[in-house]
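In case you want the letters, here they are:
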Amino acid sequence: MEAAGCRARALLLPLWCCLLAAAPRRCAGQTDLKSPQDIQVYAVNTNFTLRWNYTGNDTDVTFSAEYQWFGDPQTSETEWKELPGCQNVTDTECDFSSAITEYNDRHLVRVRAERKEDKSPWSSVFEMIPYFIAQIGPPEVHLQSINGAIKIQVSHAEPNQVQKMWVTLSSFKYNLVIWENSSDAEVRSQNIFPVDTISDLAPETTYCLKVQATLFFQEGLFSPIHCVKTTRKVNYLFCPANLKVFALNMQFHLHWNNPYKQHVNYTVQYLLGFFKTLPDDHSVKWLSVPRCENITNTKCNFTSIITVISAFYYLRVQAMSEYNKSCLSKEVKIDPLSTNEFGPPRIRLDISDVLLHVQISPPGGEENKVMRVHYYFSYRIVYWKNSSDNEEEKRVKEIKQTIATISDLTPSTQYCVKVKALSEAYNKTSPFSNEECIKTSPDKMLPLIILATFVSALVAVLVVAVLIIFFLYQAYNKIKYVFFPSCTPPLNIEGFGEQLFGSPYLPTVEEPIESCYVIESIIEEVNQNDFKDYKHSKQSSRDSGNYSNDDDTSGSKGSEGMLEKEII
């Protein structure tokens, strides 16, 4: 128990010392050093400087820094390492450029104050990605005065390291600011290449300039000011002038003027624009255009050198006089897709009923795939009636295809059409094509309507005629049947059955009806006696010779039979 109490008193003794001491004294594990503040990193190219503020009044204070590199495979993410170049420094900044080798990785930096054994708490952590905080430094500039112009060569000043901060130097753009070395000089600014020539300068005049490098939207620091004096310019009368490029449907021609009346040979040279973006001297990389070497005429077809449509080209003409003197013209920049112009399209018309079909052949023809692929043509079709009426309004239709159909046309009418091509991407428009005219077909519906109307009317007339004839025929039969019967009863029985042969359609005169009673026995006797007497009288008549042929006999027999039937 006593040993445990001793250990407890030993642990509490430092705390009691701190609380009860009359004079300020340090307790074990505590310090009065303040932490550095406002940690910042300044970077120019690959030079990195760590800066901070310290508000303490202590003397003999040094500072040390640590860092974490999240791309280091040899350390864990939570392990801090001493920052090279920033250990036990007496100033409030240090250069740690040697510690940064990967410029796209994430880094953390912190600083603390130290005095002998005392150490302050660590400052707040500064986080950075070197590539995004580095500033583009001032470029190196070399000048040379040549024939009234200034040749300038710009190179980016960066230490020779295995890892470069700016890998793609061809992406740099350079801004030149130049002015005459005088009190009232006018300052002008222009973009230049790493190796370029500044012309249009006054001879024997001192000019001062400075250059700034830019990368995309990031602007760098200006170089120191350099001054140079121009020389007197030598003008050669045979030097080519007024170079102009004419391009139509991806056929490129260069024209220039020949101010010299004597014999002069010309050689057209070209340079790929890519070489101008490099910091190297490209004067030895100019090439001659095929079939444009040592020519005497003042034009050249350089279509054969345009092998990469999206690239830039530069052209110049070298003249060689009969005295073996040489002169180079000014350079001309060629952007094939922007420089090129396109001619009018060709059209073909076709008619089906009252539909007008327009087939368009793009500028340069169907075989010119370069233009069709890069320009994304659309077409504006203008069509109108070809009539003497000048007030007829022209109508417009825009399409993106090479085939168009125009409707709402008038049959049997001549229409005229013209078309032009447009490229919205390059803001270019071709001339209109030749006017083509065609006549629309007659309206097929009108003859059909007329034919259908005629057939309908004819059928209606025939139906009415048939009905009229039918009713007339029926009326005729009835009248004929009533007034002109087809057969009449024999004369010997005309008195009998008149009511039977009367027309059922004519009213009969009503006769008084008498009530009769037939007594069969009496009728039979009377009929038999009367019949015998009748036969005897008929026999006597035939014998008298009035009817001597067989027909009469047969007729008589028939009459007798009929009479007999009647009596019965």
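Relevant structure appears above.
Reading the values: the criteria
- Residues numbered from 1 in each chain as written.
- Predicted model: local features only at pLDDT ≥ 70, side-chain atom pairs only at ≥ 80, totals over all residues.
- Heavy atoms only, no water.
- Helix = DSSP H or I, 4+ residues; strand = E, 2+ residues; numbered from the N terminus.
- Disulfide = S-S within 2.5 Å.
- Buried < 20%, exposed > 50% of the residue type's maximum accessible area, 1.4 Å probe, protein only.
- Pairing = 2+ DSSP bridges.
- Salt bridge = Lys/Arg side-chain N within 4 Å of Asp/Glu carboxyl O.

**With respect to the environment of D38**
Tracing the chain through its elements places D38 in strand β1 (residues 37-44). Between the C-alpha atoms of D38 and S123, which are 85 residues apart in sequence, the distance is 8.6 Å.

**Quick word on the state of the cysteines**
Overall, the coordinates contain five disulfides when judged by the stated rule. Two residues, C239 and C327, share a disulfide whose sulfurs are 2.1 Å apart. Residues C239 and C327 are joined by a disulfide whose S-S torsion is about -75°; by sign, that bridge is left-handed. Of this pair, C239 sits in the loop between β17 (226-229) and β18 (241-248) while C327 is found in strand β24 (residues 326-328), placing the two residues 88 residues apart along the sequence.

**Brief notes about the pairing of strand β3 (residues 62-69)**
Remember that side chains alternate between the two faces of the sheet whenever the strand is regular. The element β3 is largely enclosed, with a buried count of eight among its eight residues. Side chains of β3 alternate between two faces, with T62, S64, E66 and Q68 and F63, A65, Y67 and W69 buried alike. Bridging between β3 and strand β6 (residues 107-115) involves eight bridges; their strand directions are antiparallel. Bridge pairing links Y67 to V109 in β6. Note: β3 against strand β4 (residues 81-82), two bridges, orientation antiparallel.

**Looking at the sheet that holds strand β5 (residues 93-95)**
Backbone hydrogen bonds are what pair the strands of a sheet, in a parallel or an antiparallel way. Here four strands make up an open sheet; going across it, the order is β5-β2-β1-β9 and the pairing mixed. Bordering the open sheet on either side are β5 and β9 (134-135), each of which pairs with just one other strand. In this sheet, β9 lies alongside β1 in parallel orientation, the contact comprising two bridges. By the bridge assignment for β9, V44 is matched with Q135.

**With respect to the pattern of salt bridges**
Proximity of charged atoms lets side chains of opposite charge pair with each other. Under the counting rule described, the total for this entry stands at 11 salt bridges. Between R112 and E114 there is a salt bridge, with its nearest N and O atoms 3.2 Å apart. In this pair, the class of R112 matches that of E114, namely buried. Across the pair R232 and E204 runs a salt bridge, and its minimum N-O distance is 3.4 Å. With R232 in the loop between β17 and β18 and E204 in the loop between β14 (195-198) and β15 (206-215), this residue pair connects regions lying 28 residues apart in the sequence. Owing to a relative accessible area of 59%, R232 belongs among the exposed residues under this scheme. Classification of E204 as partly exposed rests on a relative accessible area of 45%.

So, to be careful, I would describe these as geometric facts and stop short of saying anything about function.
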